[in-house]
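# Chain and residue survey
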Amino acid sequence: MLNIDLHCHSTISDGLLTPTQLVEHAARRGVSVLALTDHDDVAGLGEARRAAAENSITFINGVEISASWRNKTLHIVGLDVNPEYPPLAQGLEAIRSGRILRARNIAAQLDKFSIHGSLEGAYSYAGKGGMIGRTHFARFLVERGYAKDVRSVFKKYLVKGKPGYVSHQWAPLSDVLAWISGSGGRAVIAHPARYKLGKDVLDELLLEFRTLGGAAIEVITASHTPEQSLLFAHHAQRLGLLASRGSDFHGPGESYFDLGQMPELPVGCTPVWHDWNRIT
Ligand code: AMP
Ligand code: MN
Ligand code: MN
Ligand code: MN
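In this report, we go over the structure that sits alongside the text.

### A few points about the coordination of the manganese ion (ligand 4)
For the manganese ion (ligand 4), the full set of protein donor atoms is His-7 (NE2), His-9 (NE2), Glu-64 (OE) and Asp-248 (OD), at a range of 2.1 to 2.2 Å. Binding-site remark: the manganese ion (ligand 4) is held by donors from one chain whose sequence spacing is H-x1-H-x54-E-x183-D. Between the manganese ion (ligand 4) and the manganese ion (ligand 2) the interatomic distance amounts to 4.7 Å. The residues His-7 and His-9 share a single accessibility class, namely buried.

Here it is as C-alpha coordinates:
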(Lines give C-alpha, C1' and ligand atoms only; values in the text may rest on other atoms or scores of the structure.)
(Ligands and ions follow the chains in the order given, each with its own letter.)
Protein backbone atom coordinates (compact mmCIF):
# COMPACT_ATOMS: atom_id res chain seq x y z
CA MET A 1 0.00 0.00 0.00
CA LEU A 2 1.23 3.52 -0.78
CA ASN A 3 2.32 5.57 2.19
CA ILE A 4 0.56 8.91 1.73
CA ASP A 5 1.19 11.94 3.97
CA LEU A 6 -0.74 15.07 3.07
CA HIS A 7 0.11 17.49 5.89
CA CYS A 8 3.54 18.72 7.04
CA HIS A 9 5.58 21.88 7.57
CA SER A 10 8.98 23.20 6.51
CA THR A 11 11.11 26.19 7.57
CA ILE A 12 8.96 28.31 5.24
CA SER A 13 6.41 28.26 8.08
CA ASP A 14 7.02 26.72 11.51
CA GLY A 15 8.73 23.44 10.61
CA LEU A 16 12.35 22.68 11.50
CA LEU A 17 13.53 21.16 8.19
CA THR A 18 14.00 22.96 4.88
CA PRO A 19 11.74 21.75 2.05
CA THR A 20 14.62 19.66 0.68
CA GLN A 21 15.50 18.16 4.08
CA LEU A 22 11.82 17.42 4.67
CA VAL A 23 11.45 15.55 1.38
CA GLU A 24 14.66 13.59 2.03
CA HIS A 25 13.33 12.69 5.48
CA ALA A 26 10.04 11.57 3.88
CA ALA A 27 11.96 9.36 1.45
CA ARG A 28 13.83 7.69 4.34
CA ARG A 29 10.50 7.06 6.08
CA GLY A 30 9.05 5.34 3.00
CA VAL A 31 6.57 8.06 2.07
CA SER A 32 5.59 7.79 -1.59
CA VAL A 33 3.09 10.65 -1.88
CA LEU A 34 3.77 13.88 0.02
CA ALA A 35 2.04 17.25 0.26
CA LEU A 36 3.93 20.17 1.82
CA THR A 37 1.35 22.30 3.64
CA ASP A 38 3.09 25.30 5.18
CA HIS A 39 0.92 27.75 7.12
CA ASP A 40 -0.32 30.55 4.83
CA ASP A 41 2.64 30.26 2.47
CA VAL A 42 3.41 28.41 -0.75
CA ALA A 43 7.03 29.56 -1.12
CA GLY A 44 8.45 26.11 -0.38
CA LEU A 45 6.56 24.20 -3.06
CA GLY A 46 9.04 24.67 -5.91
CA GLU A 47 12.02 23.45 -3.90
CA ALA A 48 10.05 20.55 -2.40
CA ARG A 49 8.79 19.49 -5.83
CA ARG A 50 12.35 19.39 -7.23
CA ALA A 51 13.58 17.38 -4.23
CA ALA A 52 10.62 15.01 -4.55
CA ALA A 53 11.45 14.31 -8.20
CA GLU A 54 14.99 13.35 -7.16
CA ASN A 55 13.67 11.03 -4.45
CA SER A 56 10.91 9.30 -6.49
CA ILE A 57 8.19 10.84 -4.36
CA THR A 58 4.94 12.02 -5.92
CA PHE A 59 4.57 15.60 -4.79
CA ILE A 60 1.28 17.42 -4.17
CA ASN A 61 1.15 21.21 -3.89
CA GLY A 62 -0.36 22.09 -0.52
CA VAL A 63 -0.96 24.88 1.95
CA GLU A 64 -2.57 25.11 5.41
CA ILE A 65 -4.62 28.29 5.55
CA SER A 66 -5.67 30.06 8.76
CA ALA A 67 -9.38 30.88 8.64
CA SER A 68 -11.92 32.49 10.94
CA TRP A 69 -15.40 31.12 11.38
CA ARG A 70 -17.77 32.44 14.07
CA ASN A 71 -14.83 33.88 16.02
CA LYS A 72 -12.97 30.58 16.00
CA THR A 73 -9.72 29.84 14.21
CA LEU A 74 -9.83 26.91 11.81
CA HIS A 75 -7.10 25.44 9.65
CA ILE A 76 -7.99 24.50 6.11
CA VAL A 77 -5.55 22.42 4.09
CA GLY A 78 -5.63 23.04 0.35
CA LEU A 79 -4.36 20.14 -1.75
CA ASP A 80 -3.38 20.32 -5.40
CA VAL A 81 -3.66 24.10 -5.37
CA ASN A 82 -2.20 26.29 -8.07
CA PRO A 83 0.10 28.54 -6.01
CA GLU A 84 0.06 31.19 -8.72
CA TYR A 85 -3.72 31.64 -8.75
CA PRO A 86 -3.90 35.39 -7.96
CA PRO A 87 -6.73 35.36 -5.38
CA LEU A 88 -4.90 32.60 -3.48
CA ALA A 89 -1.47 34.25 -3.70
CA GLN A 90 -2.90 37.64 -2.67
CA GLY A 91 -5.03 36.15 0.08
CA LEU A 92 -2.02 34.38 1.60
CA GLU A 93 0.03 37.56 1.35
CA ALA A 94 -2.66 39.42 3.31
CA ILE A 95 -2.73 36.72 5.99
CA ARG A 96 1.05 36.91 6.35
CA SER A 97 0.85 40.71 6.75
CA GLY A 98 -1.74 40.16 9.49
CA ARG A 99 0.67 37.75 11.16
CA ILE A 100 3.34 40.48 11.33
CA LEU A 101 0.93 42.79 13.16
CA ARG A 102 -0.17 39.97 15.46
CA ALA A 103 3.47 39.16 16.26
CA ARG A 104 3.99 42.78 17.40
CA ASN A 105 0.91 42.47 19.58
CA ILE A 106 2.12 39.20 21.08
CA ALA A 107 5.49 40.79 21.87
CA ALA A 108 3.78 43.82 23.45
CA GLN A 109 1.70 41.49 25.60
CA LEU A 110 4.77 39.55 26.71
CA ASP A 111 6.52 42.85 27.48
CA LYS A 112 3.77 43.59 29.97
CA PHE A 113 4.71 40.35 31.71
CA SER A 114 8.39 41.43 31.76
CA ILE A 115 9.37 39.09 28.93
CA HIS A 116 11.40 41.36 26.69
CA GLY A 117 12.94 40.94 23.27
CA SER A 118 10.46 38.33 22.12
CA LEU A 119 9.78 39.89 18.72
CA GLU A 120 13.44 39.70 17.70
CA GLY A 121 13.70 36.35 19.46
CA ALA A 122 10.77 34.89 17.55
CA TYR A 123 12.08 36.23 14.23
CA SER A 124 15.42 34.56 14.88
CA TYR A 125 13.56 31.24 14.60
CA ALA A 126 11.54 32.22 11.51
CA GLY A 127 12.59 31.72 7.91
CA LYS A 128 13.65 34.79 5.96
CA GLY A 129 10.58 36.43 4.44
CA GLY A 130 8.35 33.54 5.53
CA MET A 131 5.51 33.53 8.00
CA ILE A 132 5.85 34.40 11.68
CA GLY A 133 3.76 32.44 14.14
CA ARG A 134 3.31 31.36 17.70
CA THR A 135 5.69 28.41 17.30
CA HIS A 136 8.54 30.86 16.73
CA PHE A 137 7.64 32.64 19.97
CA ALA A 138 7.44 29.25 21.66
CA ARG A 139 10.98 28.33 20.60
CA PHE A 140 12.28 31.68 21.88
CA LEU A 141 10.51 31.20 25.23
CA VAL A 142 11.97 27.69 25.58
CA GLU A 143 15.42 29.09 24.77
CA ARG A 144 14.95 31.60 27.60
CA GLY A 145 13.97 28.82 29.99
CA TYR A 146 10.30 29.68 30.47
CA ALA A 147 9.34 26.02 29.95
CA LYS A 148 11.06 22.77 29.08
CA ASP A 149 9.63 22.35 25.59
CA VAL A 150 7.42 23.91 22.95
CA ARG A 151 4.36 21.95 24.01
CA SER A 152 4.46 23.12 27.63
CA VAL A 153 5.38 26.68 26.75
CA PHE A 154 2.24 26.87 24.60
CA LYS A 155 0.09 25.82 27.53
CA LYS A 156 1.66 28.35 29.88
CA TYR A 157 2.07 31.36 27.58
CA LEU A 158 0.51 31.17 24.15
CA VAL A 159 -3.05 29.86 24.36
CA LYS A 160 -6.25 31.74 25.19
CA GLY A 161 -6.13 33.28 28.66
CA LYS A 162 -2.33 33.21 28.88
CA PRO A 163 0.11 36.19 28.79
CA GLY A 164 1.19 35.95 25.16
CA TYR A 165 -2.19 35.23 23.61
CA VAL A 166 -3.84 37.80 21.38
CA SER A 167 -7.03 37.17 19.46
CA HIS A 168 -6.76 37.59 15.73
CA GLN A 169 -9.04 37.78 12.70
CA TRP A 170 -7.92 35.41 9.96
CA ALA A 171 -9.45 35.21 6.49
CA PRO A 172 -13.17 34.35 6.38
CA LEU A 173 -13.74 30.62 5.85
CA SER A 174 -15.78 31.34 2.72
CA ASP A 175 -12.86 33.26 1.15
CA VAL A 176 -10.38 30.53 1.99
CA LEU A 177 -12.56 27.86 0.39
CA ALA A 178 -13.09 30.03 -2.70
CA TRP A 179 -9.31 30.53 -3.12
CA ILE A 180 -8.65 26.80 -2.86
CA SER A 181 -11.43 25.68 -5.19
CA GLY A 182 -10.79 28.54 -7.60
CA SER A 183 -7.16 27.49 -7.92
CA GLY A 184 -8.23 23.96 -8.86
CA GLY A 185 -7.48 22.50 -5.42
CA ARG A 186 -9.39 20.47 -2.90
CA ALA A 187 -10.13 21.82 0.60
CA VAL A 188 -9.65 19.65 3.67
CA ILE A 189 -10.72 20.65 7.16
CA ALA A 190 -7.57 20.03 9.21
CA HIS A 191 -7.52 18.26 12.62
CA PRO A 192 -11.23 18.88 13.30
CA ALA A 193 -11.19 17.50 16.85
CA ARG A 194 -8.83 20.32 17.88
CA TYR A 195 -11.59 22.92 17.61
CA LYS A 196 -13.52 21.35 20.48
CA LEU A 197 -16.93 22.13 18.99
CA GLY A 198 -20.16 20.81 20.46
CA LYS A 199 -22.13 18.35 18.39
CA ASP A 200 -24.55 20.91 16.92
CA VAL A 201 -21.94 23.56 16.08
CA LEU A 202 -19.69 20.88 14.57
CA ASP A 203 -22.55 19.76 12.36
CA GLU A 204 -23.22 23.34 11.30
CA LEU A 205 -19.56 23.80 10.46
CA LEU A 206 -19.31 20.60 8.44
CA LEU A 207 -22.49 21.39 6.50
CA GLU A 208 -21.37 24.96 5.79
CA PHE A 209 -17.92 23.69 4.78
CA ARG A 210 -19.53 21.26 2.33
CA THR A 211 -21.93 23.89 0.96
CA LEU A 212 -19.00 26.26 0.37
CA GLY A 213 -17.20 23.64 -1.70
CA GLY A 214 -15.11 21.92 0.98
CA ALA A 215 -14.16 18.40 -0.09
CA ALA A 216 -12.63 16.42 2.76
CA ILE A 217 -12.07 15.91 6.48
CA GLU A 218 -8.62 15.17 7.87
CA VAL A 219 -9.43 11.91 9.63
CA ILE A 220 -5.92 10.71 10.48
CA THR A 221 -3.75 13.40 12.10
CA ALA A 222 -1.39 13.54 15.06
CA SER A 223 -3.88 15.43 17.18
CA HIS A 224 -6.66 12.80 16.95
CA THR A 225 -7.10 9.88 19.30
CA PRO A 226 -8.10 6.60 17.58
CA GLU A 227 -11.68 7.23 18.75
CA GLN A 228 -11.68 10.73 17.25
CA SER A 229 -10.38 9.36 13.93
CA LEU A 230 -13.25 6.86 13.85
CA LEU A 231 -15.75 9.57 14.75
CA PHE A 232 -14.58 11.84 11.93
CA ALA A 233 -14.44 8.92 9.50
CA HIS A 234 -18.08 8.42 10.35
CA HIS A 235 -18.88 12.12 9.80
CA ALA A 236 -17.12 12.04 6.43
CA GLN A 237 -19.12 9.02 5.29
CA ARG A 238 -22.39 10.43 6.60
CA LEU A 239 -21.88 13.76 4.80
CA GLY A 240 -20.37 12.41 1.59
CA LEU A 241 -17.03 14.07 2.29
CA LEU A 242 -13.67 12.54 1.41
CA ALA A 243 -11.07 11.56 4.04
CA SER A 244 -7.46 12.71 4.35
CA ARG A 245 -4.37 11.48 6.17
CA GLY A 246 -1.50 13.67 7.33
CA SER A 247 1.10 13.64 10.08
CA ASP A 248 1.23 17.43 10.69
CA PHE A 249 4.97 16.83 11.10
CA HIS A 250 6.93 19.95 12.16
CA GLY A 251 10.32 18.39 12.85
CA PRO A 252 12.23 15.74 14.75
CA GLY A 253 11.49 16.03 18.46
CA GLU A 254 8.58 18.45 18.01
CA SER A 255 6.00 16.15 16.51
CA TYR A 256 3.92 13.25 17.69
CA PHE A 257 3.87 11.44 14.34
CA ASP A 258 6.95 11.21 12.14
CA LEU A 259 6.35 11.67 8.39
CA GLY A 260 4.22 8.82 7.08
CA GLN A 261 4.22 7.04 10.48
CA MET A 262 0.54 6.95 11.37
CA PRO A 263 -2.49 4.71 11.02
CA GLU A 264 -4.19 4.06 7.67
CA LEU A 265 -7.60 5.59 6.98
CA PRO A 266 -10.39 3.61 8.64
CA VAL A 267 -12.23 1.13 6.42
CA GLY A 268 -15.15 2.68 4.55
CA CYS A 269 -13.61 6.14 4.02
CA THR A 270 -13.19 7.45 0.48
CA PRO A 271 -9.63 8.81 0.39
CA VAL A 272 -9.18 12.37 -0.81
CA TRP A 273 -6.71 10.87 -3.33
CA HIS A 274 -9.18 8.26 -4.70
CA ASP A 275 -9.31 9.83 -8.16
CA TRP A 276 -5.72 11.06 -8.44
CA ASN A 277 -4.54 9.21 -11.55
CA ARG A 278 -0.90 10.06 -11.02
CA ILE A 279 -0.60 7.98 -7.85
CA THR A 280 -2.17 4.72 -9.00
P1 AMP B 1 -0.29 30.19 14.72
O2 AMP B 1 -0.90 29.80 13.42
O3 AMP B 1 0.85 31.15 14.57
O4 AMP B 1 -1.29 30.65 15.73
O5 AMP B 1 0.40 28.89 15.31
C6 AMP B 1 -0.27 27.67 15.26
C7 AMP B 1 0.77 26.59 15.36
O8 AMP B 1 1.24 26.52 16.67
C9 AMP B 1 0.23 25.21 15.07
O10 AMP B 1 0.30 24.92 13.72
C11 AMP B 1 1.19 24.33 15.83
O12 AMP B 1 2.38 24.17 15.08
C13 AMP B 1 1.52 25.17 17.02
N14 AMP B 1 0.68 24.87 18.20
C15 AMP B 1 -0.57 25.29 18.45
N16 AMP B 1 -1.00 24.86 19.64
C17 AMP B 1 0.02 24.14 20.16
C18 AMP B 1 0.22 23.41 21.37
N19 AMP B 1 -0.74 23.38 22.31
N20 AMP B 1 1.40 22.80 21.55
C21 AMP B 1 2.37 22.85 20.61
N22 AMP B 1 2.24 23.52 19.45
C23 AMP B 1 1.09 24.15 19.23
MN1 MN C 1 2.35 24.74 12.92
MN1 MN D 1 -3.01 23.22 11.99
MN1 MN E 1 -0.26 21.83 10.34
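Having seen the model, we can carry on.
### Some remarks on the environment of Ala-52
Note on placement: Ala-52 falls in helix H2 (residues 45–54). Sequence separation of Ala-52 and Thr-20 is 32 residues, and the distance between their C-alpha atoms is 8.1 Å. Setting aside residues no more than four positions away along its own chain, Ala-52 makes contact with Val-23, Ile-57 and Phe-59.

### What to know about the coordination of the manganese ion (ligand 2)
In this structure, Asp-14 (OD), Asp-14 (OD), His-39 (NE2) and His-250 (NE2) serve as the protein donors to the manganese ion (ligand 2), at separations of 2.2 to 2.8 Å. Metal-centred angles of 51 to 157° between the six donor atoms at the manganese ion (ligand 2) mark the site as irregular. Sequence positions of the residues that donate to the manganese ion (ligand 2) give the spacing D-x24-H-x210-H. Looking at Asp-14, the relative accessible area reads 5%, which means it is buried.

### A few points about the site of ligand 1
Taken together, Asp-14, His-39, Arg-99, Arg-102, Gly-133, Arg-134, Thr-135, Arg-151, Phe-154 and His-250 make up all the residues around ligand 1. In this structure, Asp-14 approaches ligand 1 through a side-chain N or O atom, which is 3.2 Å from an oxygen atom. Between ligand 1 and the protein, one listed contact pairs an oxygen atom with a side-chain N or O atom of Arg-99 at 2.8 Å. If ligand 1 stood free it would expose 500 Å²; the protein chains cover 81% of that surface.

### A look at the pattern of salt bridges
On inspection of all chains with the given rule, the structure shows 12 salt bridges. A salt bridge links Arg-278 to Asp-80; the shortest N-O distance between them is 2.7 Å. Highlighted residues: Arg-278 in the segment after strand E8 (242–245) and Asp-80 in the loop between strand E4 (72–79) and helix H3 (86–112), separated in sequence by 198 residues. Overall, the relative accessible area of 42% leaves Arg-278 in the partly exposed class. Glu-143 is the partner of Arg-144 in a salt bridge, and the nearest nitrogen-oxygen pair spans 3.7 Å.

### Some remarks on the side chain of Ser-244
With respect to the helices and strands, Ser-244 occurs in strand E8. According to the relative accessible area criterion, Ser-244 is buried, its value standing at 2%. With sequence-adjacent residues up to four places away left out, Ser-244 is seen in contact with Leu-6, Leu-79, Val-188, Ile-217, Glu-218, Val-219, Ile-220, Leu-265 and Val-272.

### Concerning the layout of surface pockets
By volume, the largest pocket amounts to about 1700 Å³. Lining the largest pocket are 44 residues, with His-75, Arg-134, Phe-154, Val-159 and Arg-194 sitting closest to its centre. The set of elements that each furnish at least two residues to the lining of the largest pocket consists of strand E3 (58–69), E4, H3, helix H5 (134–143) and helix H6 (150–158). Here the lining of the largest pocket is built from residues that sort into 12 nonpolar, 18 polar and 14 charged.

### Let's talk about the side chain of His-224
Tracing the sequence through the fold places His-224 in the loop between strand E7 (216–220) and helix H9 (226–239). Once you skip the residues sitting within four places of it in the chain, His-224 turns out to touch His-191, Pro-192, Ala-193, Glu-218, Val-219, Ser-229 and Phe-232.

Each value, and the rule that gives it
- Residues numbered from 1 in each chain as written.
- Chains lettered and ligands numbered in written order.
- Predicted model: local features only at pLDDT ≥ 70, side-chain atom pairs only at ≥ 80, totals over all residues.
- Heavy atoms only, no water.
- Donors = N, O, S within 2.8 Å, 3.2 Å for Na, K, Ca; no water.
- Buried < 20%, exposed > 50% of the residue type's maximum accessible area, 1.4 Å probe, protein only.
- Helix = DSSP H or I, 4+ residues; strand = E, 2+ residues; numbered from the N terminus.
- Contact = heavy atoms within 4.5 Å.
- Tetrahedral: all angles 85-135°; square planar, octahedral: opposite > 155°, others 65-115°.
- Near = heavy atom within 4 Å.
- Polar contact = N/O pair within 3.5 Å; in protein donor to acceptor, adjacent residues only side chain to side chain.
- Areas by Shrake-Rupley, 256 points an atom, 1.4 Å probe, with all protein chains shown as cover.
- Salt bridge = Lys/Arg side-chain N within 4 Å of Asp/Glu carboxyl O.
- 1 Å grid on protein atoms, 1.4 Å probe; cavity = no way out; pocket = protein on both sides within 12 Å on 5 of 7 lines; lining within 4 Å.
- Points joined across faces, edges and corners; volume = space filled by probe spheres on them.
- Nonpolar A, V, L, I, M, F, W, Y, C, P; charged D, E, K, R; others polar.

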